[in-house]
Amino acid sequence: MQDPRLLAKPPVCRLGCLVLVRNPRGDVLLVDPDYMDGLILPGGAAKPNEPPHLAAARNLHAETGLDLRLADVLAVDFTPADRYLERLNLVFDGGTVHDDTHLTVPPRHRSGLFGARFVPVRQLHDVMAPSQAARATEALAGRALPVLLHGQRAT
């Protein structure tokens, strides 16, 4: 039985579930949001009690039309609280997609995105905010960590 005092004031933390997808040349898939400057990795927030690998896959599909199975985390990025909440971002390995893979970005009024495109690794720092580029770079260099759900490997 959990101590009720632990639930009296639960922490406010947003779980960001992002995906690193590459093409055969190693270029990184990025999306262009209308709500911030620079490109970012595709993905978004998990819903309450949604497993993070499923949240990442759901958000990736909603933003790009890609339907990928995700199971390994390449990077974990904690952002301290601002005036709203703290953030924990997980970057999942989306693997490599073929050059002829078609991206389907919904209209901006529905998605909040101007579009999506593959960007060469050497250009990430030119098109992303410094913290976003650092997150993507660490994910590129990272070793995959399995996602566990209650101690069992997520499938």
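About the criteria used
- Residues numbered from 1 in each chain as written.
- Predicted model: local features only at pLDDT ≥ 70, side-chain atom pairs only at ≥ 80, totals over all residues.
- Heavy atoms only, no water.
- Buried < 20%, exposed > 50% of the residue type's maximum accessible area, 1.4 Å probe, protein only.
- Helix = DSSP H or I, 4+ residues; strand = E, 2+ residues; numbered from the N terminus.
- Pairing = 2+ DSSP bridges.
- Core = buried A, V, L, I, M, F, W, Y, C linked by side-chain atoms within 4.5 Å.
- Contact = heavy atoms within 4.5 Å.

**Points about the pairing of strand E1 (residues 13-22)**
- When you tally the buried positions in E1, you get 7 out of 10 residues, the bulk of the element.
- The pairing of E1 with strand E3 (residues 43-45) spans 3 bridges and is antiparallel. By the bridge assignment, Cys 17 is partnered in E3 with Gly 44.

**As for the nonpolar core**
- Counting residues in each nonpolar core, the largest one holds 16 residues, and the members touching the most others are Leu 20, Leu 30, Leu 41, Val 91, Leu 124 and Met 128.
- Looking at this core, the elements with two or more residues in it are E1, strand E2 (28-33), strand E4 (72-79), helix H4 (124-127) and helix H5 (130-141).
- Among the elements that take part in this core, H5 stands out by supplying 3 residues, more than any other.
- Leu 30 has contacts with Leu 39, Ile 40, Leu 41, Pro 42, Gly 115, Ala 116, Arg 117, Val 119, Leu 124, Val 127 and Met 128, leaving out every residue within four places of it along the chain.
- One finds Val 19, Leu 29, Ala 55 and Phe 92 within the second-largest nonpolar core, a separate group that totals 14 residues.

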